[in-house]
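For reference, the chains in residue letters:
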Amino acid sequence: MKQHTHYSFSGDTGISGKHRARLRRDNEFLETYRQVLDLMIERGVPSPRRAAVEFTVLNSRPHYHVSIERALVVVGRMLSSGRNIVKPSLQALMWEEIASKVKQLIDCKGISLNSAVQFVIDNCRASRFFVTPQYAYHHIRHINTNIKKHLL
């Protein structure tokens, strides 16, 4: 039985932008994970849950789950300073990827930082989920709990 895991974000929900982005990321991760898990089980892959988590984290092309406002601040600082302002982590890699796409749009199309950031966040896909497989594996129960709580 397929679970419905979409959130409704219309109106003022009282949820911060960062929390809303995390919920969207978790929702997208779980939908993809469940599809991959079904295939792993169907094909008899050993340790299908672990294999599905690792495949989903490393091979999916999710949306960037950050707010436009946060992206404007971080990418703006990165482009003006010429360096990543986020401490080394998977998140830093995500910001480098976003900044690179934004810079390419600015350089090639001559558009503003605002327009480039808006376009990248709304239309581009990330190269992967920027979490470790270990984080994802250990937090699937937590993610499921949050989804059920927000659906009620």
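So, here is what we can say about the structure in this document. These figures come from a predicted structure and were not determined experimentally.

## Here's the deal with the environment of R24
Looking at the element boundaries, R24 is found in helix α1 (residues 17–42). For the pair formed by R24 and H63, sequence separation is 39 residues and the distance between their alpha carbons is 9.2 Å.

## Some words on the packing of aromatic side chains
Considering all chains together, one arrives at two aromatic pairs under this definition. Note on F29 and F129: the rings are 5.2 Å apart at their centroids and 80 degrees apart in plane angle, and the pair reads as edge-to-face. With F29 in helix α1 and F129 in the loop between α5 (113–123) and α6 (133–151), this pair connects stretches of sequence that are 100 residues apart. Exposure remark for F29: the relative accessible area of 3% places this residue in the buried category. Residue class for F129 comes out buried when judged on its relative accessible area of 2%. Aromatic rings pair up to connect F29, Y33 and F129 into one cluster. The ring centre of Y137 lies 4.2 Å from the NZ or CZ of R50, which sits over that ring.

## Side note on unusual backbone geometry
Positive phi, close to 45 degrees, is recorded for S47, a residue that is not glycine. As for its position among the elements, S47 is in the loop between α1 and α2 (48–59).

## Brief notes about a positive patch on the surface
A grouping of K18, R22, R70 and R77 is seen on the molecular surface, where their side chains present a positively charged patch. Structurally, R77 is set in helix α3 (residues 68–81).

## Remarks on the packing of α1 against α2
Across the interface, α1 lies against α2 with an axial gap of 8 Å and an inter-helix angle of 130 degrees. Relative to α2, the element α1 lies oblique. The chirality of how α1 crosses α2 is right-handed. In this structure, α1 uses F29, T32, Y33, V36, L37, M40 and I41 to contact α2, whose residues at the interface are P48, R49, A51, A52, V53, F55, T56 and V57. Among the residues making up the contact of α1 with α2, the classes are represented as 12 nonpolar, two polar and one charged.

## Remarks on α3
The end-to-end C-alpha distance of α3 is 20 Å, a good match for the 20 Å that 14 residues give at a rise of 1.5 Å each. Among all positions in α3, only I68, A71, V74, V75 and M78 are buried. The buried residues of α3 occupy one face: seen down the axis, they fall within an arc of 135 degrees. Projecting away from the buried face of α3 at angles above 90 degrees are the exposed residues E69 and S80. Looking at the buried residues of α3, the elements they touch are α4 (90–109) and α5.

Quick notes on the rules
Residue numbering note: each chain is counted from 1, following its sequence as written. In view of the model being predicted, local features appear only for residues whose pLDDT reaches at least 70, and side-chain atom pairs are presented and counted only at 80 or more, with totals across whole chains, interfaces and linings using the full set of residues. The basis for every side-chain value is the complete set of heavy atoms in the structure, and neither hydrogens nor water enter the calculation. Secondary structure elements are defined from DSSP: runs of H or I of at least 4 residues count as helices, runs of E of at least 2 residues count as strands, and each element is numbered from the N terminus. Classification of ring pairs rests on two measures: the distance between centres of Phe, Tyr or Trp rings, Trp counted by its six-membered ring, which must be within 6.5 Å, and the angle between planes, read as stacked under 30 degrees, edge-to-face over 60 and tilted in between. Only protein chains enter the calculation, and the probe is 1.4 Å; a residue is then buried if its accessible area is under 20% of its type maximum, exposed if over 50%, and partly exposed in between. For a ring to carry a charge above it, either NZ of a lysine or CZ of an arginine must fall within 6 Å of the ring centroid while also lying within 35 degrees of the normal to the ring plane. Patch membership requires more than 30% relative accessible area and the absence of a salt bridge. Residues of like charge join within 9 Å; the nonpolar side chains Val, Leu, Ile, Met, Phe, Trp and Tyr join within 5 Å. To measure how exposed things are, a 1.4 Å probe is used in the Shrake-Rupley method; for residues, cover is taken only from the protein chains shown. Counted as salt bridges are all cases of a side-chain nitrogen of Lys or Arg within 4 Å of a carboxyl oxygen of Asp or Glu. By the counting rule applied here, Lys and Arg register as positive and Asp and Glu as negative, while His and the ends of each chain are not counted. In plain terms, the charge of a residue is placed at NZ if it is Lys, CZ if Arg, CG if Asp and CD if Glu. Axis definition: a line fit to C-alpha positions, over the contact stretch in the case of helices; interaxial angles, taken between N-to-C directions, run 0 to 180 degrees. Note that the term roughly parallel is reserved for angles under 35 degrees, roughly antiparallel for angles over 145, roughly perpendicular for angles of 65 to 115, and oblique for everything else. Crossing chirality is assigned from the near helix's rotation relative to the far helix, an anticlockwise turn below a right angle marking it left-handed and a clockwise turn marking it right-handed. Residues are treated as being in contact if the distance between any of their heavy atoms lies within 4.5 Å. Residue classes follow a fixed rule: Ala, Val, Leu, Ile, Met, Phe, Trp, Tyr, Cys and Pro count as nonpolar, while Asp, Glu, Lys and Arg count as charged, and any other residue, Gly among them, counts as polar. In a helix, the anticipated span is given by 1.5 Å times the number of residues less one. As used here, the arc belongs to the directions running from the helix axis to the C-beta atoms.

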